[in-house]
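Take a look at the letters that make up each chain.
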Amino acid sequence: MFARADHHLIPQQGVCRSRVLPKVTTRLLYQEDSYLREFSARVMRVDGNVVVLDQTAFHPTSGGVDHDTGLLVVDGTRYRVVDVKLDRSTGDVLHILESEPGLNPGDIVRGFIDWDRRYRLMKLHTAAHIISAIMYRDYGALITGGHVYPEYARDDFSIERFDRRIFEDAIAKANDVVRQGIEVKIYWLSREEALKIPGVVKLAERMPPDVERLRIVEIPGIDIQADGGPHVRNTREIGEIVLMKVENRGRRKKRIYYTVRP
Ligand SMILES: [Zn+2]
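The rules we used
Residues numbered from 1 in each chain as written. Predicted model: local features only at pLDDT ≥ 70, side-chain atom pairs only at ≥ 80, totals over all residues. Heavy atoms only, no water. Helix = DSSP H or I, 4+ residues; strand = E, 2+ residues; numbered from the N terminus. Expected span 1.5 Å × (residues − 1). Pairing = 2+ DSSP bridges. Axes fitted to C-alpha atoms, helices over the stretch in contact; angles between N-to-C directions. Contact = heavy atoms within 4.5 Å. Phe/Tyr/Trp six-rings, centres within 6.5 Å; stacked < 30°, edge-to-face > 60°. Buried < 20%, exposed > 50% of the residue type's maximum accessible area, 1.4 Å probe, protein only. Lys NZ or Arg CZ within 6 Å of the ring centre and 35° of its normal.

This next bit is on helix H2 (residues 115–139). Between its first and last C-alpha atoms H2 spans 35 Å; for 25 residues at 1.5 Å apiece the expected length is 36 Å, and the two agree. A positive phi of about 65° marks Gly140, the residue just after H2.

Have a look at this one:
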């Protein structure tokens, strides 16, 4: 989301400093396929109720998008994943389990994503990109913060006028984009190529991390930005965006809350 200002830049690969296997590259499967609901992985580290895997489809809270929940299963024993965090210093994805698991490094687990929750995060996330692109295009407003929860999303825009009609207009236009059924494209570019795209990174402080390849999320004709999170394949999947609330949080900070139906 963060419009053009790129927020959830997660490096494609993180180097994990495992105490068990000296150097591991954590593979973020959700960046390759947002629709992957099940996967197998090797346990790299267990620390109390925190588990690190060699690869994962679980999205950690990052870039303004909430985490997944689900299950890790080994030999018929199910462990509930209640939270997922990104260790920014190592690139490790930390799976926080409800209880301490009987797992050891080297074990192969099967992971299952709670799909209803994830799919709503994807719909709201792609909706956030569309809304922020329209707010920038038509009102010159930059997105300065926000968060996508499964139930709703909120975004802050740097705009002085506090007028609910501005947001009603932006949401109506965003729903036109939803109805057009635009295919969302996800691809990788070298850092050099990516940074040549106008608007791919709007704010200097949101410069992508120092990685060689950047993941680009493009809604053709609407938005293009470097982005690490899961998205729907087609804007039509979003359904309908509904404006819930508008708040004046300061001179250049107007906040909106919205959700998607169904
Ligand atoms: Zn995003």
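Our focus in this paragraph is the sheet that holds strand S16 (residues 254–261). Ordered in space as S10-S11-S16-S15, the 4 strands form an open sheet in which the pairing is antiparallel. For this open sheet the edge positions go to strand S10 (142–148) and strand S15 (240–248), each flanked by a neighbour on one side alone. When the angles between neighbouring strand axes are averaged without regard to direction, this sheet yields 20°. When strand S11 (residues 153–158) meets S16, the two strands line up antiparallel, connected through 5 bridges. Bridged to Asp156 within S16 is Arg255. Where helix H3 (residues 164–180) meets the sheet, its contacts fall on S11, S15 and S16, and the angle it forms with S15 comes to roughly 160°.

Moving on to the sheet that holds strand S14 (residues 223–226). Across the sheet, 3 strands lie side by side as S12-S13-S14; this open sheet has antiparallel pairing. On the outer flanks of this sheet lie strand S12 (185–190) and S14, each paired with one strand and no other. On average, each strand axis in the sheet is inclined to that of its neighbour by 25°, with strand direction left out of account. Both S12 and strand S13 (residues 213–219) contribute to a ladder of 6 bridges, which runs antiparallel. Residue pairing across strands places Tyr187 opposite Ile216, the latter belonging to S13.

Let's shift gears to the packing of aromatic side chains. Using the criterion set out here, one finds 7 aromatic pairs in the structure. Centroid distance Phe39 to Phe58: 5.9 Å. Interplanar angle 75°. Geometry classified as edge-to-face. On the criterion of sequence distance, the pair formed by Phe39 in strand S3 (residues 38–47) and Phe58 in the loop between strand S5 (55–56) and strand S6 (70–74) is long-range, its members being 19 residues apart. Residue Phe39 is classed as buried on the basis of its relative accessible area of 3%. Summarising the aromatic geometry, the rings of Tyr149 and Tyr152 are spaced 5.0 Å apart at their centres and angled 35° between planes, so their arrangement reads as tilted. Residue Tyr149 is classed as partly exposed on the basis of its relative accessible area of 24%. When its relative accessible area of 26% is taken as the criterion, Tyr152 is described as partly exposed. Each member of the aromatic cluster is reached from another via a ring pair, and the members are Tyr35, Trp115 and Tyr119. One Lys or Arg, Arg233, reaches over the ring of Tyr35 and ends 3.8 Å from the middle of that ring.

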